[in-house]
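In case you want the letters, here they are:
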Amino acid sequence: MISIAILGNGVVGSGVAELIEKNINSIKNKLNKGIKISKILVKNKDKHRNSNNYRIITDKPEDILKEDVDIVVECMGGLNPAYEYIKMSLKQKKHVVTANKDLIAKHGLELLSLAKENNVKLYFEASVGGGIPILRPLKNCLIGNNVTSIKAILNGTTNFILTKMSKENLSFDKALKLAQELGFAEADPTSDIKGYDSARKLNILSNIAYNRNLDWETFKVEGIDKLDEFDILKSNRLGGTVKFIGISNIINDKIHASVRPVIVSKDSILGKVENEFNSIVIEGDSVGELAFYGKGAGKLPTASAVYADIMNVLINKKEDQLLFNKEPANLQKSFTDKKDWIVRIKVDNKDRHKIISKLSEKFNKVYIDTDDLLPKDEVFATIYSVYEKDLEENLRIFTDINNVKTLMIL
Ligand code: HSE
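What you see is a predicted model; the values in this text were computed from it and never measured.

### Focus: the overall build of the protein
Scanning the protein from N- to C-terminus turns up 14 helices and 17 strands. Computed over C-alpha atoms, the radius of gyration of the protein comes to 23 Å, within 12% of the 22 Å expected from 2.2 N^0.38 for 410 residues, which places it in the range of a compact globule. For the protein, the spread of C-alpha atoms along the principal axes amounts to about 75 × 45 × 35 Å. Here the protein holds 410 residues, and 53% of them are scored as buried. In the protein, the share of contacts with a sequence separation of at least 24, taken over all contacts with a separation of at least 6, comes to 72%. Accessible area of the protein: about 19,000 Å², with a carbon and sulfur share of 48%. For the protein, the distance from the average position of its 61 positive side-chain charges to the average position of its 55 negative side-chain charges is 4 Å.

Written as C-alpha coordinates, this is what we have:
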(Lines give C-alpha, C1' and ligand atoms only; values in the text may rest on other atoms or scores of the structure.)
Protein backbone atom coordinates (compact mmCIF):
# COMPACT_ATOMS: atom_id res chain seq x y z
CA MET A 1 0.00 0.00 0.00
CA ILE A 2 1.35 3.41 -0.96
CA SER A 3 0.86 5.93 1.77
CA ILE A 4 0.53 9.67 1.15
CA ALA A 5 0.49 12.43 3.76
CA ILE A 6 -0.85 15.83 2.77
CA LEU A 7 0.30 18.95 4.60
CA GLY A 8 -2.53 21.47 4.31
CA ASN A 9 -6.24 21.10 3.60
CA GLY A 10 -6.90 24.43 1.91
CA VAL A 11 -7.75 25.04 -1.74
CA VAL A 12 -4.86 22.99 -3.15
CA GLY A 13 -4.57 20.32 -0.42
CA SER A 14 -8.27 19.45 -0.59
CA GLY A 15 -8.04 19.38 -4.41
CA VAL A 16 -5.18 16.88 -4.26
CA ALA A 17 -7.13 14.65 -1.85
CA GLU A 18 -10.11 14.82 -4.22
CA LEU A 19 -8.01 13.81 -7.24
CA ILE A 20 -6.35 10.91 -5.41
CA GLU A 21 -9.72 9.61 -4.27
CA LYS A 22 -11.18 9.98 -7.76
CA ASN A 23 -8.32 8.02 -9.31
CA ILE A 24 -7.92 5.37 -6.63
CA ASN A 25 -8.92 2.47 -8.90
CA SER A 26 -6.87 3.57 -11.90
CA ILE A 27 -3.80 3.95 -9.65
CA LYS A 28 -4.35 0.42 -8.36
CA ASN A 29 -4.56 -0.92 -11.90
CA LYS A 30 -1.47 0.96 -13.02
CA LEU A 31 0.76 0.18 -10.06
CA ASN A 32 -0.63 -3.12 -8.91
CA LYS A 33 -0.72 -1.58 -5.46
CA GLY A 34 -3.31 0.31 -3.46
CA ILE A 35 -2.89 3.94 -2.44
CA LYS A 36 -4.21 5.71 0.65
CA ILE A 37 -4.07 9.15 2.18
CA SER A 38 -2.81 8.32 5.65
CA LYS A 39 -2.97 11.75 7.30
CA ILE A 40 -3.75 15.37 6.46
CA LEU A 41 -1.98 17.96 8.58
CA VAL A 42 -3.80 21.22 9.39
CA LYS A 43 -3.22 24.10 11.81
CA ASN A 44 -6.49 23.76 13.66
CA LYS A 45 -8.37 20.48 13.48
CA ASP A 46 -11.66 21.99 14.67
CA LYS A 47 -11.95 24.14 11.58
CA HIS A 48 -12.16 21.00 9.42
CA ARG A 49 -15.02 19.29 11.25
CA ASN A 50 -17.12 19.25 8.10
CA SER A 51 -14.43 17.75 5.90
CA ASN A 52 -15.10 14.26 4.49
CA ASN A 53 -11.56 13.40 5.55
CA TYR A 54 -11.99 14.51 9.17
CA ARG A 55 -11.01 11.06 10.54
CA ILE A 56 -7.49 11.37 9.05
CA ILE A 57 -7.03 15.07 9.80
CA THR A 58 -4.51 15.92 12.49
CA ASP A 59 -2.97 19.10 13.84
CA LYS A 60 0.07 17.28 15.22
CA PRO A 61 3.08 17.32 12.89
CA GLU A 62 4.55 14.31 14.72
CA ASP A 63 1.57 12.23 13.52
CA ILE A 64 2.82 12.72 9.95
CA LEU A 65 6.43 11.96 10.68
CA LYS A 66 5.84 8.82 12.71
CA GLU A 67 3.56 7.32 10.02
CA ASP A 68 5.10 5.03 7.47
CA VAL A 69 4.58 7.56 4.68
CA ASP A 70 6.03 7.20 1.15
CA ILE A 71 5.24 10.66 -0.19
CA VAL A 72 4.70 13.90 1.69
CA VAL A 73 2.61 16.36 -0.33
CA GLU A 74 3.13 19.90 0.91
CA CYS A 75 0.27 22.27 0.12
CA MET A 76 0.47 24.64 3.11
CA GLY A 77 2.27 27.44 1.31
CA GLY A 78 4.57 30.01 2.90
CA LEU A 79 8.12 29.48 4.11
CA ASN A 80 7.63 28.26 7.65
CA PRO A 81 6.91 25.68 8.90
CA ALA A 82 6.84 24.15 5.37
CA TYR A 83 10.64 24.45 5.13
CA GLU A 84 11.23 22.51 8.35
CA TYR A 85 8.64 19.82 7.50
CA ILE A 86 10.08 19.26 4.02
CA LYS A 87 13.62 19.09 5.35
CA MET A 88 12.61 16.56 7.98
CA SER A 89 10.70 14.47 5.44
CA LEU A 90 13.62 14.37 2.99
CA LYS A 91 16.03 13.42 5.77
CA GLN A 92 13.67 10.59 6.70
CA LYS A 93 13.91 9.48 3.04
CA LYS A 94 10.35 10.35 2.13
CA HIS A 95 9.64 11.72 -1.34
CA VAL A 96 8.19 15.23 -1.34
CA VAL A 97 5.83 16.92 -3.80
CA THR A 98 5.15 20.60 -3.26
CA ALA A 99 3.23 23.46 -4.84
CA ASN A 100 5.22 25.97 -2.81
CA LYS A 101 6.86 28.64 -5.00
CA ASP A 102 8.00 30.76 -2.04
CA LEU A 103 9.93 27.81 -0.67
CA ILE A 104 11.45 26.57 -3.92
CA ALA A 105 12.47 30.09 -4.96
CA LYS A 106 14.19 30.62 -1.62
CA HIS A 107 15.47 27.19 -0.57
CA GLY A 108 15.32 25.20 -3.82
CA LEU A 109 19.08 24.88 -4.13
CA GLU A 110 19.44 23.37 -0.66
CA LEU A 111 16.30 21.22 -0.66
CA LEU A 112 16.89 19.72 -4.10
CA SER A 113 20.41 18.66 -3.14
CA LEU A 114 19.09 17.27 0.13
CA ALA A 115 16.61 15.15 -1.86
CA LYS A 116 19.42 13.88 -4.08
CA GLU A 117 21.65 13.07 -1.08
CA ASN A 118 18.85 11.04 0.44
CA ASN A 119 18.01 9.33 -2.81
CA VAL A 120 14.43 10.57 -2.85
CA LYS A 121 12.55 12.94 -5.14
CA LEU A 122 11.48 16.53 -4.57
CA TYR A 123 9.07 17.61 -7.32
CA PHE A 124 7.43 21.03 -7.64
CA GLU A 125 5.65 21.25 -11.01
CA ALA A 126 2.63 23.03 -9.45
CA SER A 127 4.79 25.84 -8.09
CA VAL A 128 4.80 27.65 -11.46
CA GLY A 129 1.82 28.13 -13.76
CA GLY A 130 -0.66 26.09 -11.67
CA GLY A 131 -2.00 23.39 -13.97
CA ILE A 132 0.31 24.19 -16.90
CA PRO A 133 3.01 21.56 -17.41
CA ILE A 134 6.05 23.81 -17.70
CA LEU A 135 8.98 22.75 -15.50
CA ARG A 136 9.28 19.22 -16.84
CA PRO A 137 8.97 20.37 -20.49
CA LEU A 138 11.54 23.09 -19.80
CA LYS A 139 13.96 20.60 -18.29
CA ASN A 140 13.33 17.63 -20.58
CA CYS A 141 11.76 18.65 -23.88
CA LEU A 142 13.91 21.75 -24.42
CA ILE A 143 17.18 20.03 -23.61
CA GLY A 144 18.44 20.71 -27.16
CA ASN A 145 18.13 24.47 -26.69
CA ASN A 146 19.78 27.35 -24.99
CA VAL A 147 16.78 29.22 -23.65
CA THR A 148 17.23 32.89 -24.54
CA SER A 149 14.13 34.48 -23.05
CA ILE A 150 11.00 33.98 -20.97
CA LYS A 151 7.97 36.28 -21.08
CA ALA A 152 5.11 35.22 -18.91
CA ILE A 153 1.89 35.95 -17.11
CA LEU A 154 2.52 34.03 -13.91
CA ASN A 155 -0.14 35.22 -11.50
CA GLY A 156 -3.80 34.29 -11.86
CA THR A 157 -5.08 36.79 -9.30
CA THR A 158 -3.59 39.86 -10.96
CA ASN A 159 -4.48 38.74 -14.48
CA PHE A 160 -8.03 38.19 -13.24
CA ILE A 161 -8.06 41.70 -11.71
CA LEU A 162 -6.67 43.36 -14.87
CA THR A 163 -9.16 41.50 -17.07
CA LYS A 164 -12.12 42.52 -14.93
CA MET A 165 -10.89 46.13 -14.76
CA SER A 166 -10.42 46.49 -18.48
CA LYS A 167 -13.31 44.35 -19.80
CA GLU A 168 -16.01 44.86 -17.18
CA ASN A 169 -14.95 48.20 -15.68
CA LEU A 170 -14.81 46.59 -12.25
CA SER A 171 -12.89 48.50 -9.58
CA PHE A 172 -9.57 47.09 -8.38
CA ASP A 173 -11.03 46.26 -4.95
CA LYS A 174 -14.10 44.47 -6.31
CA ALA A 175 -12.01 42.41 -8.73
CA LEU A 176 -9.57 41.44 -5.95
CA LYS A 177 -12.43 40.41 -3.68
CA LEU A 178 -13.81 38.18 -6.43
CA ALA A 179 -10.38 36.57 -6.98
CA GLN A 180 -10.14 35.90 -3.23
CA GLU A 181 -13.60 34.31 -3.20
CA LEU A 182 -12.59 32.06 -6.08
CA GLY A 183 -9.51 30.90 -4.16
CA PHE A 184 -6.85 32.29 -6.53
CA ALA A 185 -5.29 34.89 -4.26
CA GLU A 186 -2.63 34.23 -1.64
CA ALA A 187 -3.66 34.35 2.04
CA ASP A 188 -2.17 37.84 1.99
CA PRO A 189 -2.76 39.16 -1.56
CA THR A 190 0.13 41.63 -1.19
CA SER A 191 2.48 39.14 -2.84
CA ASP A 192 0.13 38.79 -5.82
CA ILE A 193 -0.40 42.52 -6.26
CA LYS A 194 3.14 43.70 -5.58
CA GLY A 195 4.54 41.04 -7.92
CA TYR A 196 6.48 38.96 -5.39
CA ASP A 197 4.52 35.83 -6.33
CA SER A 198 5.29 36.31 -10.04
CA ALA A 199 8.92 37.11 -9.24
CA ARG A 200 9.31 33.86 -7.27
CA LYS A 201 7.85 31.89 -10.18
CA LEU A 202 10.07 33.71 -12.67
CA ASN A 203 12.99 32.92 -10.35
CA ILE A 204 12.24 29.18 -10.50
CA LEU A 205 11.76 29.20 -14.29
CA SER A 206 14.90 31.24 -14.89
CA ASN A 207 17.05 29.07 -12.59
CA ILE A 208 16.10 26.07 -14.69
CA ALA A 209 16.17 27.83 -18.07
CA TYR A 210 19.57 29.51 -17.72
CA ASN A 211 21.11 27.05 -15.23
CA ARG A 212 22.20 29.86 -12.93
CA ASN A 213 21.36 30.75 -9.37
CA LEU A 214 19.03 33.77 -9.31
CA ASP A 215 17.50 35.53 -6.35
CA TRP A 216 14.14 37.18 -7.05
CA GLU A 217 14.78 39.77 -4.37
CA THR A 218 17.36 41.32 -6.70
CA PHE A 219 14.91 41.55 -9.65
CA LYS A 220 13.20 44.77 -10.66
CA VAL A 221 9.67 44.18 -9.33
CA GLU A 222 6.81 46.68 -9.72
CA GLY A 223 3.27 45.82 -8.66
CA ILE A 224 -0.07 46.56 -10.31
CA ASP A 225 -1.21 48.68 -7.38
CA LYS A 226 -0.18 51.96 -8.97
CA LEU A 227 -2.10 51.35 -12.20
CA ASP A 228 -5.20 53.44 -12.76
CA GLU A 229 -7.97 53.83 -15.28
CA PHE A 230 -5.84 56.22 -17.37
CA ASP A 231 -3.18 53.56 -17.97
CA ILE A 232 -5.94 51.21 -19.07
CA LEU A 233 -7.52 53.89 -21.26
CA LYS A 234 -4.20 54.77 -22.86
CA SER A 235 -3.33 51.13 -23.53
CA ASN A 236 -6.73 50.62 -25.18
CA ARG A 237 -6.14 53.66 -27.38
CA LEU A 238 -2.85 52.11 -28.49
CA GLY A 239 -4.59 48.85 -29.45
CA GLY A 240 -2.99 47.21 -26.46
CA THR A 241 -3.84 45.92 -23.05
CA VAL A 242 -2.03 46.14 -19.72
CA LYS A 243 -0.63 42.79 -18.57
CA PHE A 244 1.46 41.92 -15.54
CA ILE A 245 4.49 40.29 -17.06
CA GLY A 246 7.57 38.51 -15.77
CA ILE A 247 10.41 38.85 -18.25
CA SER A 248 13.86 37.36 -18.22
CA ASN A 249 16.49 37.00 -20.88
CA ILE A 250 20.13 36.13 -21.19
CA ILE A 251 22.60 37.98 -23.40
CA ASN A 252 26.31 37.21 -23.24
CA ASP A 253 25.81 35.44 -19.92
CA LYS A 254 24.11 38.51 -18.38
CA ILE A 255 20.58 37.90 -17.18
CA HIS A 256 17.87 40.51 -16.91
CA ALA A 257 14.80 39.62 -14.84
CA SER A 258 11.86 41.86 -14.00
CA VAL A 259 8.17 41.77 -13.14
CA ARG A 260 6.01 44.76 -14.03
CA PRO A 261 2.84 45.91 -15.71
CA VAL A 262 3.47 46.47 -19.41
CA ILE A 263 1.36 47.28 -22.43
CA VAL A 264 1.21 44.42 -24.92
CA SER A 265 -0.65 44.27 -28.21
CA LYS A 266 -4.19 42.90 -27.88
CA ASP A 267 -3.36 40.46 -30.67
CA SER A 268 -0.22 39.05 -29.08
CA ILE A 269 -0.18 35.70 -27.27
CA LEU A 270 0.07 37.33 -23.85
CA GLY A 271 -2.47 40.03 -24.78
CA LYS A 272 -5.11 37.34 -25.26
CA VAL A 273 -4.64 35.71 -21.85
CA GLU A 274 -7.62 36.47 -19.63
CA ASN A 275 -8.88 35.90 -16.09
CA GLU A 276 -6.95 33.40 -13.96
CA PHE A 277 -5.18 31.94 -16.98
CA ASN A 278 -1.38 32.09 -17.17
CA SER A 279 0.86 31.86 -20.18
CA ILE A 280 4.57 31.32 -20.50
CA VAL A 281 6.32 32.16 -23.75
CA ILE A 282 9.78 30.67 -23.99
CA GLU A 283 12.31 31.24 -26.70
CA GLY A 284 14.93 28.60 -27.40
CA ASP A 285 17.76 28.96 -29.88
CA SER A 286 16.73 25.79 -31.74
CA VAL A 287 12.97 25.66 -31.37
CA GLY A 288 12.18 29.40 -31.58
CA GLU A 289 9.16 30.65 -29.66
CA LEU A 290 6.92 28.28 -27.69
CA ALA A 291 3.80 29.21 -25.72
CA PHE A 292 2.31 27.34 -22.78
CA TYR A 293 -1.19 28.32 -21.67
CA GLY A 294 -3.66 27.24 -19.02
CA LYS A 295 -5.17 27.87 -15.63
CA GLY A 296 -2.48 29.22 -13.35
CA ALA A 297 -4.43 29.06 -10.11
CA GLY A 298 -7.38 27.37 -8.50
CA LYS A 299 -8.14 24.09 -6.80
CA LEU A 300 -8.21 21.37 -9.45
CA PRO A 301 -5.82 22.93 -12.01
CA THR A 302 -3.12 23.17 -9.32
CA ALA A 303 -4.02 19.76 -7.90
CA SER A 304 -3.67 18.33 -11.42
CA ALA A 305 0.03 19.30 -11.47
CA VAL A 306 0.61 18.02 -7.91
CA TYR A 307 -1.09 14.74 -8.78
CA ALA A 308 1.11 14.33 -11.88
CA ASP A 309 4.19 14.78 -9.69
CA ILE A 310 2.93 12.10 -7.30
CA MET A 311 2.48 9.75 -10.25
CA ASN A 312 5.95 10.61 -11.51
CA VAL A 313 7.45 9.65 -8.16
CA LEU A 314 5.61 6.33 -8.32
CA ILE A 315 5.98 5.45 -12.00
CA ASN A 316 9.02 7.22 -13.34
CA LYS A 317 11.47 6.08 -10.67
CA LYS A 318 14.57 6.44 -12.82
CA GLU A 319 14.06 10.15 -13.55
CA ASP A 320 17.05 12.22 -12.41
CA GLN A 321 16.36 14.68 -9.64
CA LEU A 322 16.48 18.23 -11.01
CA LEU A 323 19.09 20.32 -9.19
CA PHE A 324 19.61 24.09 -9.17
CA ASN A 325 23.06 25.31 -10.15
CA LYS A 326 24.74 27.23 -7.32
CA GLU A 327 26.74 29.44 -9.71
CA PRO A 328 25.33 32.94 -9.22
CA ALA A 329 23.80 34.73 -12.20
CA ASN A 330 25.36 37.87 -13.55
CA LEU A 331 22.31 40.11 -13.21
CA GLN A 332 21.53 43.10 -15.39
CA LYS A 333 19.05 45.42 -13.67
CA SER A 334 17.51 47.25 -16.60
CA PHE A 335 15.77 45.88 -19.68
CA THR A 336 18.11 45.08 -22.54
CA ASP A 337 16.28 46.31 -25.69
CA LYS A 338 15.18 49.78 -26.73
CA LYS A 339 11.47 50.19 -26.04
CA ASP A 340 8.65 52.73 -26.25
CA TRP A 341 7.38 54.02 -22.90
CA ILE A 342 4.35 55.81 -21.50
CA VAL A 343 5.63 58.43 -19.08
CA ARG A 344 3.34 60.34 -16.73
CA ILE A 345 4.63 63.29 -14.73
CA LYS A 346 2.53 65.11 -12.15
CA VAL A 347 2.86 68.86 -12.68
CA ASP A 348 1.75 72.22 -11.45
CA ASN A 349 0.11 73.90 -14.39
CA LYS A 350 2.70 76.72 -14.35
CA ASP A 351 5.52 74.17 -14.95
CA ARG A 352 3.81 72.23 -17.75
CA HIS A 353 5.62 73.94 -20.65
CA LYS A 354 8.98 73.73 -18.92
CA ILE A 355 8.56 69.98 -18.39
CA ILE A 356 7.42 69.35 -21.94
CA SER A 357 10.41 71.22 -23.34
CA LYS A 358 12.75 69.33 -20.98
CA LEU A 359 11.34 66.03 -22.24
CA SER A 360 11.87 67.09 -25.85
CA GLU A 361 15.41 68.16 -24.99
CA LYS A 362 16.26 64.83 -23.34
CA PHE A 363 14.65 62.39 -25.77
CA ASN A 364 14.74 62.15 -29.56
CA LYS A 365 11.13 61.31 -30.13
CA VAL A 366 8.42 62.39 -27.71
CA TYR A 367 4.68 62.61 -28.22
CA ILE A 368 2.65 64.63 -25.72
CA ASP A 369 -0.85 63.30 -25.32
CA THR A 370 -3.49 66.00 -24.99
CA ASP A 371 -6.53 63.76 -24.92
CA ASP A 372 -9.30 65.48 -22.96
CA LEU A 373 -10.00 62.36 -20.93
CA LEU A 374 -6.50 62.27 -19.43
CA PRO A 375 -5.80 63.95 -16.08
CA LYS A 376 -5.19 67.69 -16.30
CA ASP A 377 -2.48 67.77 -13.67
CA GLU A 378 -0.13 65.45 -15.56
CA VAL A 379 2.11 65.54 -18.58
CA PHE A 380 1.21 62.32 -20.35
CA ALA A 381 3.87 61.43 -22.90
CA THR A 382 4.94 58.57 -25.14
CA ILE A 383 8.70 58.33 -25.47
CA TYR A 384 9.96 56.21 -28.33
CA SER A 385 12.83 53.79 -28.70
CA VAL A 386 14.86 54.31 -25.54
CA TYR A 387 16.84 51.95 -23.32
CA GLU A 388 15.42 51.65 -19.81
CA LYS A 389 18.73 52.76 -18.32
CA ASP A 390 18.68 55.99 -20.39
CA LEU A 391 15.02 56.58 -19.65
CA GLU A 392 15.65 56.38 -15.91
CA GLU A 393 18.74 58.54 -16.08
CA ASN A 394 17.02 61.24 -18.10
CA LEU A 395 13.89 61.26 -15.99
CA ARG A 396 15.96 61.85 -12.87
CA ILE A 397 15.85 65.59 -13.57
CA PHE A 398 12.23 65.49 -12.47
CA THR A 399 13.50 65.38 -8.95
CA ASP A 400 10.56 63.84 -7.13
CA ILE A 401 10.48 60.36 -8.56
CA ASN A 402 7.09 59.72 -6.92
CA ASN A 403 5.66 62.13 -9.43
CA VAL A 404 6.89 60.10 -12.38
CA LYS A 405 5.29 56.88 -13.60
CA THR A 406 6.55 54.80 -16.50
CA LEU A 407 4.91 51.93 -18.38
CA MET A 408 6.79 49.84 -20.92
CA ILE A 409 5.23 49.05 -24.29
CA LEU A 410 6.52 45.54 -24.95
N1 HSE B 1 -1.95 33.44 -5.91
C2 HSE B 1 -1.45 32.66 -6.98
C3 HSE B 1 -2.00 33.21 -8.28
C4 HSE B 1 -1.84 31.22 -6.81
O5 HSE B 1 -2.96 33.98 -8.23
O6 HSE B 1 -1.48 32.90 -9.34
C7 HSE B 1 -1.15 30.26 -7.73
O8 HSE B 1 0.23 30.26 -7.54
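### Re the domain arrangement of the protein
Along its sequence, the protein is organised into domain 1 (2-124), domain 2 (135-314 + 327-331) and domain 3 (339-409). Taken over C-alpha atoms, the centre of domain 1 sits 51 Å from the centre of domain 3.

### Comments concerning the packing of helix 1 (residues 11-22) against helix 12 (residues 299-315)
With their axes 8 Å apart at the nearest point, helix 1 and helix 12 run at an angle of 60° to one another. Classified by the interaxial angle, the pair formed by helix 1 and helix 12 is oblique. When the axes of helix 1 and helix 12 are compared, the crossing they make is right-handed. Between helix 1 and helix 12, the contacting residues are Val 11, Val 12, Ser 14, Gly 15, Val 16, Glu 18, Leu 19 and Ile 20 on the first element and Lys 299, Leu 300, Thr 302, Ala 303, Ser 304, Val 306, Tyr 307 and Ile 310 on the second. By residue class, the composition of the contact of helix 1 with helix 12 is 10 nonpolar, 4 polar and 2 charged.

### Let's talk about the UniProt feature "domain: Homoserine dehydrogenase catalytic" (unreviewed entry) in the protein
The sites that carry the UniProt feature "domain: Homoserine dehydrogenase catalytic" (unreviewed entry) are, in the present numbering, residues 133-311. The distance separating the terminal C-alpha atoms of residues 133-311 is 14 Å; by composition the span is 40% helix and 27% strand.

### Notes on the site of the ligand
The ligand sits among Lys 101, Asn 155, Gly 156, Thr 157, Phe 184, Ala 185, Glu 186, Asp 192, Asp 197, Lys 201, Gly 296 and Ala 297. Within the contact set of the ligand, a nitrogen atom lies 2.6 Å away from a side-chain nitrogen or oxygen of Glu 186. When the ligand is considered free in solution it has 260 Å² of accessible area, and contact with the protein chains removes 90% of it. Among the residues making up the shell around the ligand, the classes are represented as 3 nonpolar, 4 polar and 5 charged.

### Section: the nonpolar core
Core analysis: the largest hydrophobic core is formed by 66 residues, its most contacted members being Ile 150 and Ile 280. Those residues in contact with Ile 280 that lie beyond four places of it in its chain are Ile 132, Ile 134, Ile 150, Lys 151, Ala 152, Leu 154, Leu 205, Leu 290, Ala 291 and Phe 292. Among the nonpolar cores identified, the runner-up in size contains 30 residues, and Val 12, Leu 19, Cys 75 and Leu 314 belong to it.

### Some details on the UniProt feature "domain: Aspartate/homoserine dehydrogenase NAD-binding" (unreviewed entry) in the protein
As annotated in UniProt, the feature "domain: Aspartate/homoserine dehydrogenase NAD-binding" (unreviewed entry) corresponds to residues 8-125 in the numbering used here. Summarising residues 8-125: 45% helix, 16% strand, and an end-to-end C-alpha distance of 17 Å.

### Here we look at the side chain of Arg 212
Looking at the secondary structure, you find Arg 212 in the loop between helix 10 (196-210) and strand 8 (220-221). Residue contacts for Arg 212: discarding those within four places in its chain leaves Asn 207, Asp 253, Ile 255, Asn 325, Glu 327, Pro 328 and Ala 329.

### Some remarks on unusual backbone geometry
Put simply, Asn 80 and Pro 81 share a cis peptide bond, and its omega is 10°. Mapped onto the secondary structure, Pro 81 falls in the loop between strand 4 (71-74) and helix 4 (82-91). Phi is positive for Lys 93, which is not a glycine, with a value near 60°. Take Lys 93: it is sitting in the loop between helix 4 and strand 5 (95-98). The class for Lys 93 is exposed, based on a relative accessible area of 51%. A positive phi is found at Asp 253, a non-glycine position, where the angle reads about 65°. Checked against the element boundaries, Asp 253 lands in the loop between strand 9 (240-251) and strand 10 (254-265).

Parameters and conventions
- Residues numbered from 1 in each chain as written.
- Predicted model: local features only at pLDDT ≥ 70, side-chain atom pairs only at ≥ 80, totals over all residues.
- Heavy atoms only, no water.
- Helix = DSSP H or I, 4+ residues; strand = E, 2+ residues; numbered from the N terminus.
- Rg over C-alpha atoms; globule rule 2.2 N^0.38 Å.
- Buried < 20%, exposed > 50% of the residue type's maximum accessible area, 1.4 Å probe, protein only.
- Contact = heavy atoms within 4.5 Å.
- Areas by Shrake-Rupley, 256 points an atom, 1.4 Å probe, with all protein chains shown as cover.
- Lys, Arg positive; Asp, Glu negative; His and termini not counted.
- Charge placed at Lys NZ, Arg CZ, Asp CG, Glu CD.
- Domains from an automatic or database assignment.
- Axes fitted to C-alpha atoms, helices over the stretch in contact; angles between N-to-C directions.
- Parallel < 35°, antiparallel > 145°, perpendicular 65-115°, else oblique.
- Left-handed = near helix turned anticlockwise from the far one by under 90°.
- Nonpolar A, V, L, I, M, F, W, Y, C, P; charged D, E, K, R; others polar.
- UniProt positions renumbered as here; feature names shortened; annotations may be inferred.
- Near = heavy atom within 4 Å.
- Polar contact = N/O pair within 3.5 Å; in protein donor to acceptor, adjacent residues only side chain to side chain.
- Core = buried A, V, L, I, M, F, W, Y, C linked by side-chain atoms within 4.5 Å.

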